[in-house]
Structures are given as structure tokens and as C-alpha cells.
Amino acid sequence: MAYFLLVLTTLFWAGNFVLARAFSVDISPVTLAFIRWCCALLILLPFAVPAIYRHRGIILKHWPILVFLGALSVGSFNTLAYIGLQSTTALNGTLMQSTMPIMILLLSTIFLREAASMKQWLGVGLSLMGVLLLVCQGQLSILKTLNFNVGDLWIITAMFIWGGYSVALRWKPKEMSGFAFFSVTLVVGIICLAPFSWLETQNQPPIEWNQDLYLLIAYLAVFPSILSYLFWNYGVEKLSAQRAGLFIHLVPLWGMLLSVMFLGEQVQTFHLWGMTLIFSGIYFAVISSNSSSKKQQA
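Described below are features of the structure shown in this document. Because the structure is a prediction, the values reported are computed rather than measured.

Re the overall build of the chain
Along the chain, the regular secondary structure elements total 14 helices and 0 strands. Written out in order from the N terminus, the α and β elements of the chain read α-α-α-α-α-α-α-α-α-α-α-α-α-α. With 298 residues in all, the chain has 49% of them scored as buried. Here the contacts in the chain between residues at least 6 apart in sequence split such that 88% fall between residues at least 24 apart.

Printed below as a string of C-alpha cells:
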């Protein structure tokens, strides 16, 4: 069951990117993020209010780090990704999402001064080369003009934000339950998004609501927001964080399949080379390093 739920989690995450790209013309990105998280909070409200009330003392004591984490995760990560998906493909977005472990390693080394081996740096270099290949769309001549796809740059920024969030999680109050923490980050993220969503709506035509758009919001609020959170926690509890983390690498594969099936996007040679470089980098930087650590401990 844990393996099955983790596979579903990665499918929901990939679906988040593909659907955001599919509806990029129908609803603006910040407003999409704001409505998504508001609906998720409304669904969880009967459980979130008691959880927040029970932890009110901890929340007041540690509010600066909670605000920071909420602004990074709910407030920024998906919002920047949605902005990027306005002008890049869902396939590029999901492939770049697979760089999360590399971003975490890179930022941990820079800000936490955690030592990285030569093999890990090799992995970082390979993965970043894969990202560069995707951004250049296989045409290295673009490097001379610096005429990159703006959407790809937004996606990369979103991945850095998630890496920063993951690194900063070590300062999350340990006495706070996971659900209470998630509930607080939802509230913080929604407050952060509200003024930007309002400003965005002032410069955009009114949303033309239809059945497909309602279904989109329902999917985003329930599947990648709530169910993925619950399924991911269950998988980590049953299998360990390291083993569960390996399932993240399914996201670009699901993204490729969904993008081709539903958006008609074409897989090109530079996508395959980019994915190969990113996955090779993840192997050297994360998977092989974890295996070496386990052997040394044994």
C-alpha cells in the first residue's frame, strides 16, 4: 500500500503541472494558486482549527520561522511554477521538478556548510547541465544571446525556493504535529498570496467560470494539495524518507506521459538527453551517496 500511495502521489504532482499548463489561458497563475489553497483550507477547516488552537502557544513562540516556511512553500513554490507554465511546456516543468534533490544538496552545502564529496559535486554538475540543455532547448547557441525561455527560468526559481524550504525545515518546531504545521503554512501562504492575487485580477479580464475550470480547482485542492500530503507522510512513515524520496523521480516520467497524451506536446531529443543528465546527476549526488553511507554505517 505504501508503494502504491507514493506512486499516486507522484502522479498527482505531475498532474498539477500538466493541468496548470492546460488552463494557463483561462486563469492567471497567482489567482489559481490562491483559489487552490483557499479551497484546500476550507476542506480541512474542521480539522485545522482545533489543531491550530492546540498548538497556539508553540505557534506564537515560533511564528517567524512558521511565516518564513509558509511563505516559501504555499506562498511561493507552486505560484512561481504556475507563472512559469504560462510560457513553457508542462514537459519542461516536470523534468525540472526532478532536480529537487540536487537543489536541496546544493543549498545545504552553501547555507548549512554540509560537506559534499567529489561524487556529489559531479552529480550537481551533471544535473545542472541537464537543466541547461532543457532551457536552451538543445540549442547551445542560445547561451551566446542569453535569450532563454522566461517560463523555464521561473520554474528553476521555483525549484530553488523548494530547496530553500526543505533546508529550512530543520528549524520547524519539533513539538508541533505535522498536520498543525501544514495548517499554519496554508494560512500563512494564503495571506501572502491574497494581495498579489488581488493586484493580478485588476489587470486581467474576469474569469469565465465553466465546468472544466471548477473541476480543475477541485482536482488541485484535493489531489496534489491534500491527498498527496497524506499519502506522502504515510509512505515516509512506512518506508523511510530516503526510500520515499526516490519516488520523486517518477514525476518527470508521469509528466512526459500526461503531456503527450493530453496536451499533444512532443518529446524531442533534447528532452531525453536532459532527463538522462538530470537522472545521472541524481544518482551520483543522492542515491549512490546514500548507499555509501549505509555501507560505512554497517
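And the narrative resumes.
Details of the packing of aromatic side chains
If you walk through the whole model with that rule in mind, you get 8 aromatic pairs. Note on Phe12 and Phe223: the rings are 5.0 Å apart at their centroids and 65° apart in plane angle, and the pair reads as edge-to-face. Of this pair, Phe12 sits in helix H1 (residues 2-22) while Phe223 sits in helix H11 (residues 211-239), placing them 211 residues apart in sequence. Following the ring pairs from residue to residue traces out a cluster consisting of Phe12, Tyr219, Phe223 and Phe231. Positioned above the aromatic ring of Trp37 is the side chain of Arg36, whose terminal nitrogen or guanidinium carbon lies 4.1 Å from the ring centre. Over the ring of Phe181 we find Lys172; its NZ or CZ atom is 5.4 Å from the centre of that ring.

Some words on a nonpolar patch on the surface
A contiguous nonpolar surface patch, about 350 Å² in accessible area, is contributed by Met1, Phe4 and Tyr234. Positionally, Tyr234 belongs in helix H11. For Tyr234, a relative accessible area of 31% translates into the label partly exposed.

Digging into the packing of helix H4 (residues 63-84) against helix H9 (residues 150-168)
Put simply, H4 and H9 touch, their axes get as near as 8 Å, and they point 160° apart. On the basis of their axis angle, the class for H4 and H9 is roughly antiparallel. With respect to the hand of their crossing, H4 and H9 are arranged in left-handed fashion. Of H9, the residues touching H4 (which contributes Ile65, Phe68, Leu69, Leu72, Ser73, Ser76, Phe77, Leu80, Ala81, Ile83 and Gly84) are Gly151, Trp154, Ile155, Thr157, Ala158, Met159, Ile161, Trp162, Gly164, Tyr165 and Ala168. Here the contact of H4 with H9 is built from residues that sort into 16 nonpolar, 6 polar and no charged.

Some words on the environment of Gln202
Positionally, Gln202 belongs in helix H10 (residues 178-202). Within the structure, the side chain of Gln202 is placed 3.4 Å from the side chain of Thr201, a separation counted as a polar contact.

Considering helix H5 (residues 90-97)
Taken across its 8 residues, H5 has 8 buried, putting it largely inside the fold. Of all the positions in H5, only Ala90, Leu91, Asn92, Gly93, Thr94, Leu95, Met96 and Gln97 are classed as buried.

Re the nonpolar core
As a rule of thumb, soluble globular proteins bury nonpolar side chains together. Ranked by internal contacts, the top residues of the largest apolar core, which has 49 residues, are Leu32, Trp37, Tyr82, Ile155, Met159, Leu186 and Leu216. No other element matches helix H2 (residues 29-54), which puts 9 residues into this core. Ignoring sequence-local partners within four residues, the contact set of Leu32 consists of Ala20, Ile27, Tyr82, Leu216, Ile217 and Leu220. Core analysis: the next-biggest nonpolar cluster, separate from the first, contains 14 residues, Ile58, Ile59, Leu66 and Ala180 among them.

Concerning the packing of H1 against H5
Contact geometry for H1 and H5: axes closest at 9 Å, N-to-C directions at 150°. The angle between H1 and H5 falls in the class roughly antiparallel. H1 and H5 meet at a crossing whose hand is right-handed. For the pair H1 and H5, contact is made by Trp13, Ala14, Phe17, Val18 and Arg21 and by Ala90, Gly93, Thr94 and Gln97, respectively. Each residue belonging to the contact of H1 with H5 can be placed in one class, and the counts come to 5 nonpolar, 3 polar and 1 charged.

Rules of the game
Residues numbered from 1 in each chain as written. Predicted model: local features only at pLDDT ≥ 70, side-chain atom pairs only at ≥ 80, totals over all residues. Heavy atoms only, no water. Helix = DSSP H or I, 4+ residues; strand = E, 2+ residues; numbered from the N terminus. Buried < 20%, exposed > 50% of the residue type's maximum accessible area, 1.4 Å probe, protein only. Contact = heavy atoms within 4.5 Å. Phe/Tyr/Trp six-rings, centres within 6.5 Å; stacked < 30°, edge-to-face > 60°. Lys NZ or Arg CZ within 6 Å of the ring centre and 35° of its normal. Patch = residues over 30% accessible without salt bridge, like charges linked within 9 Å, V, L, I, M, F, W, Y side chains within 5 Å. Areas by Shrake-Rupley, 256 points an atom, 1.4 Å probe, with all protein chains shown as cover. Salt bridge = Lys/Arg side-chain N within 4 Å of Asp/Glu carboxyl O. Axes fitted to C-alpha atoms, helices over the stretch in contact; angles between N-to-C directions. Parallel < 35°, antiparallel > 145°, perpendicular 65-115°, else oblique. Left-handed = near helix turned anticlockwise from the far one by under 90°. Nonpolar A, V, L, I, M, F, W, Y, C, P; charged D, E, K, R; others polar. Polar contact = N/O pair within 3.5 Å; in protein donor to acceptor, adjacent residues only side chain to side chain. Core = buried A, V, L, I, M, F, W, Y, C linked by side-chain atoms within 4.5 Å.

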